[in-house]
Structure formats: C-alpha cells, structure tokens
Amino acid sequence: MDILSSLMPAIFGWPLVLVGAAVLLAGMILKKIVYLILSLVLMLPFSFYFLYGAEGIARLYGGGILLFLLAGLVLFKLGQKILSTLFFLGVYGILAYIAYLVLTQPK
C-alpha cells in the first residue's frame, strides 16, 4: 500500500472538512479573514471531490460549498458581516445534509 492511497481519506474525507468547519467558525467569531480564507483552502479538496467525482445532483453540493464560501468571503471583505454569516451558515447546512446522507445510507 503506497503512502498516497493511505493519505486520501485524510485529504478528501471528513477529518479535513471538520477542521475546515472549525476554522470557519473561529473566523466568524474572531472576525479574522485569514481564518476564513484558510477554511476555504481546507474545504477545497472536499468540494472538488463532489464537483468532479460525483454524479448527478451530488455535484451541486461541491459547487454550493464553494459558492457559499466565496460569497461569504467577498461580503465579509465588503463589511457585510451579517449577510456573510448567513452564507457561512449555508456551508454548515450543506455539510450537515451530506453527513446525514452518509450516516443514513443503506448498508
């Protein structure tokens, strides 16, 4: 087993997404754009996995995560803190829905 195949779940899987979600929350609380950009970078592999690896409607999940993160970052930079927070909450909504789908799928 080579090292790259053993690192794939950590890169594209839930551990990195949960760290990205925690960094996003820290950026929202501390109002630091550096944390918000870091969160975007941490969630990019997960989003690209859905954009390019999924089929059908699941591609919208990856696009939605990227769209909400980018829109939230732009609005945060423009000083619209409340509106940017709503977009960031949309990211949590998509992640919660994906987690629900994963946990309730038939065996």
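Everything that follows concerns the structure shown earlier in this document.
Below is a summary of the structure that appears in this document. (Residues numbered from 1 in each chain as written. Predicted model: local features only at pLDDT ≥ 70, side-chain atom pairs only at ≥ 80, totals over all residues. Heavy atoms only, no water.)

Considering a nonpolar patch on the surface
- Together, Leu25, Ile29, Leu30, Tyr35, Ile37, Leu38 and Val41 line one region of the surface with nonpolar side chains, adding up to about 630 Å² of accessible area.
- Looking at the nonpolar patch, the elements that each hand over two or more residues are helix H2 (14-30) and helix H3 (33-53).
- When residues in the nonpolar patch are grouped by element, the largest group, four residues, is from H3.
- Considering the arrangement of structural elements, one finds Ile29 in helix H2.
- Among the residues examined, Ile29 registers a relative accessible area of 60% and is labelled exposed. (Patch = residues over 30% accessible without salt bridge, like charges linked within 9 Å, V, L, I, M, F, W, Y side chains within 5 Å. Areas by Shrake-Rupley, 256 points an atom, 1.4 Å probe, with all protein chains shown as cover. Salt bridge = Lys/Arg side-chain N within 4 Å of Asp/Glu carboxyl O. Helix = DSSP H or I, 4+ residues; strand = E, 2+ residues; numbered from the N terminus. Buried < 20%, exposed > 50% of the residue type's maximum accessible area, 1.4 Å probe, protein only.)

Describing the packing of aromatic side chains
- Summed over all chains, the structure comprises seven aromatic pairs.
- Taken together, a centroid distance of 5.1 Å and an interplanar angle of 75° make the contact between Phe46 and Phe50 edge-to-face. With Phe46 and Phe50 both in helix H3, this residue pair falls four residues apart, about one helical turn. Accessibility classification places Phe46 together with Phe50 in one group, the buried group.
- Taken together, a centroid distance of 5.8 Å and an interplanar angle of 55° make the contact between Phe68 and Phe87 tilted. Residue Phe68 is located in helix H4 (residues 59-77), and its partner Phe87 is located in helix H5 (residues 81-103); the two are separated by 19 residues in the primary sequence. (Phe/Tyr/Trp six-rings, centres within 6.5 Å; stacked < 30°, edge-to-face > 60°.)

Geometry only, nothing functional implied.
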